[in-house]
Amino acid sequence: MDVLPAEVEQGNVEYKVQLLSPSPERFQHLVTQLNWRLNEGHGEAFYEIGVSDGGRIVGMAPQDLEASLGTLYRMCQVLGADMRLGTFRDGANPGWKAARVCISRIADTHAKKQVRVSVIGSVESGKSTLIGVLTRGCLDDGNGLARMQVFRHLHEIENGRTSSISEQIMGVTKEGKICKFNTLESRNASSLESQSHKLIMLSDLAGHERYLKITATGLTSQFPDYAMLVVDATKGVQQMTREHLKIVLGLDVAVFVVVTKADLASGLRIQTTLAEVDSLLASLQKQSVVISDDVVAPVQPSDVVPIFTVSSVTGVSLPQLQAFLASILPTRLWTSLHDCTSEVHLSGYYDTEAGSIVTGLVKSGTVHVGDSLLLGPTASGAFYGVRVKSIEVQRTPAKRIYAGQTGALLLSVNSAIDFSMMRKGMMLVHPSLRPIATRQFDAEVQLVDPAVVLKENVQGVVHAGPIQQTAKIVHVVHEKDVCRLRFEFLHCSEYLRPDLPLVFRAHRTHAVGRVVSAVHVALSGVA
């Protein structure tokens with residue numbers, strides 16, 4: 001056979017006449033192209049080496065074929081993919097050969113160790129810039145270059161303020177070093193996954209008071225191990241600095257502080273800011289230690305809060321911060337046992353030509369391709385049966401996803417489900433949990449603002465896990481160190497589990513704590 005069908009732009013089959021000594025720019029393009037073909041094939045692609053775009057089998061000399069396959073192997077290494085030689089075909093000249101190669105990127109490994117860090121602090125304190133510098137491995141130019149890699153929306157780029165949750169990843173090697181990337185390697189999730197022993201998940205949360213709901217949602221739905229409180233050295237402690245810190249301490253999240261913009265502040269101004277931070281922490285019964293070349297940060301911050309003073313422009317003290325991030329360990333125990341019932345908190349949903357896709361965090365258990373789960377509750381409180389058709393973790397197809405991981409799931413749904421029914425607060429749960437949505441639940445909270453009086457019929461927004469809904473207080477019991485409240489949702493029922501982190505706020509944060517139990521009421525059964 002001298003001719004194959006002509007290459008098509010879509011699909012998971014790529015033709016290449018040769019892959020000999022590509023330039024760095026060409027290699028980068030080839031990696032991007034391979035990644036696209038793998039995505040088209042849901043983790044599997046086929047490369048015809050020695051074949052023209054029109055399908056003519058040209059072939060090449062053995063040494064050229066070996067070099068081309070070597071280039072393809074390097075491309076696979078960048079994306080964490082495997083390649084397998086298939087069929088050899090005779091080329092146009094005697095002794096020339098063409099090769100068919102199967103490339104696979106369907107992950108079947110246990111979850112890597114992940115440390116989840118929520119980045120908080122007042123508006124314009126340098127949070128997004130710092131994340132960009134830490135995750136991209138390059139310094140900022142002083143004009144917002146680094147934060148451009150983190151922002152998700154045009155208006156964020158225009159005004160320099162984060163208004164949505166953005167998650168960026170740092171990789172840590174077995175030797176405890178931050179992963180580096182050279183010009184031949186695209187810095188993507190696949191290359192991070194393949195080179196890293198541990199992943200640091202940095203969530204960029206909003207600092208402006210207007211977007212407090214975004215920050216509250218991030219802190220309650222992403223279950224962070226740590227909070228990195230960022231303070232502008234030129235401005236010091238601000239109102240939202242205090243509020244964010246009180247929220248994370250109330251949620252029992254370990255904290256460390258990074259004072260940024262050291263290049264713009266005088267030595268006296270930096271010392272004033274450090275004194276303000278120390279005073280704020282002391283008022284909340286926390287000790288602090290300023291990290292320098294002579295002072296090593298504690299590996300696991302608890303009552304002693306480490307403080308770093310850095311510049312994202314000059315790079316001063318960034319190595320100490322990077323070393324600290326590389327050393328910290330998860331504080332949360334995720335239950336991924338096979339006999340543990342799975343529960344996925346959803347954060348997004350999309351209706352595509354391929355089917356219905358949901359994204360979210362696996363709170364417990366392990367979800368496999370082919371699993372049958374329940375999706376809900378809808379506004380009516382109902383749950384509907386769905387089946388998991390495929391899974392992606394870090395944009396890489398996988399056979400399963402474990403507790404503590406975020407990913408995307410392609411679902412097979414029945415005709416009773418309309419994606420217009422999707423809303424915030426929905427979950428995927430194992431049928432054995434027999435989920436019931438309720439209007440009322442009990443919680444234990446601590447007051448953030450002592451001027452606020454919590455009493456019956458006070459209304460505000462409840463953030464609990466993925467749930468975000470207006471509720472009112474229907475019962476109050478004040479005790480010495482804690483306040484016990486019963487809430488009632490105003491719009492629709494929700495599915496709540498004990499120990500979900502909780503933030504209750506109106507214009508400002510009123511209280512933080514945890515869900516104790518749902519107060520069950522009779523609802524329609526599972527659909």
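Residues numbered from 1 in each chain as written. Predicted model: local features only at pLDDT ≥ 70, side-chain atom pairs only at ≥ 80, totals over all residues. Heavy atoms only, no water.

- As recorded in an unreviewed UniProt entry, the chain goes by the name Elongation factor Tu, chloroplastic, listed as coming from Achlya hypogyna.

**A closer look at helix α9 (residues 318-327)**
Okay, step 1: The complete set of buried residues in α9 reads Leu 318, Leu 321, Gln 322, Phe 324, Leu 325 and Ala 326.
Okay, step 2: Its buried side turned inward, α9 meets α3 (127-136), β6 (166-172), β7 (198-204), β9 (254-260) and β11 (304-309). (Buried < 20%, exposed > 50% of the residue type's maximum accessible area, 1.4 Å probe, protein only. Helix = DSSP H or I, 4+ residues; strand = E, 2+ residues; numbered from the N terminus. Contact = heavy atoms within 4.5 Å.)

**Some points on the pattern of salt bridges**
Okay, step 1: Evaluation of the coordinates by the stated rule reveals 17 salt bridges.
Okay, step 2: Ionic pairing is found between Glu 343 and Arg 497, a salt bridge with its closest N-O pair at 3.0 Å. Here Arg 497 lies in the loop between β24 (483-489) and β25 (501-505) and Glu 343 lies in strand β12 (residues 343-352), a separation of 154 residues in the sequence.
Okay, step 3: When its relative accessible area of 3% is taken as the criterion, Glu 343 is described as buried.
Okay, step 4: Taking the relative accessible area as the measure of exposure, Arg 497 reaches 29% and is therefore partly exposed. (Salt bridge = Lys/Arg side-chain N within 4 Å of Asp/Glu carboxyl O.)

**Some points on the nonpolar core**
Okay, step 1: Grouped together as the largest cluster of nonpolar side chains are 44 residues, with contacts concentrated most on Leu 428, Phe 441, Val 462 and Phe 487.
Okay, step 2: Each of domain 3 (337-433) and domain 4 (440-519) gives at least three residues to this core.
Okay, step 3: Once you skip the residues sitting within four places of it in the chain, Phe 487 turns out to touch Arg 439, Gln 440, Phe 441, Ala 443, Val 462, Ala 471, Lys 472, Ile 473, Val 474 and Phe 504.
Okay, step 4: Listed in part, the 31 residues of the second largest apolar core include Ala 216, Val 253, Ala 265 and Leu 281. (Core = buried A, V, L, I, M, F, W, Y, C linked by side-chain atoms within 4.5 Å. Domains from an automatic or database assignment.)

**As for the packing of helix α1 (residues 24-40) against helix α2 (residues 62-79)**
Okay, step 1: Relative orientation of the contacting elements α1 and α2 amounts to 65 degrees, with a least axis distance of 10 Å. Relative to α2, the element α1 is oriented roughly perpendicular. As for how α1 packs across α2, the hand of that crossing is right-handed. Contacts between α1 and α2 involve Phe 27, Leu 30, Val 31, Leu 34, Asn 35 and Leu 38 from the former and Thr 71, Arg 74, Met 75, Cys 76, Val 78 and Leu 79 from the latter.
Okay, step 2: By residue class, the composition of the contact of α1 with α2 is 9 nonpolar, 2 polar and 1 charged. (Axes fitted to C-alpha atoms, helices over the stretch in contact; angles between N-to-C directions. Parallel < 35°, antiparallel > 145°, perpendicular 65-115°, else oblique. Left-handed = near helix turned anticlockwise from the far one by under 90°. Nonpolar A, V, L, I, M, F, W, Y, C, P; charged D, E, K, R; others polar.)

**Considerations on the pairing of β11**
Okay, step 1: β11 sits mainly inside the fold: 5 of its 6 residues count as buried.
Okay, step 2: Where β9 lies against β11, 3 bridges are found, and the strand directions are parallel. Counterpart to Val 259 in the pairing with β11 is Thr 309.
Okay, step 3: As defined by bridge partners, strand β10 (residues 287-290) adjoins β11 across 4 bridges and the pair is classed as parallel. Opposite Val 290, over in β11, you have Ile 307 as the bridge partner. (Pairing = 2+ DSSP bridges.)

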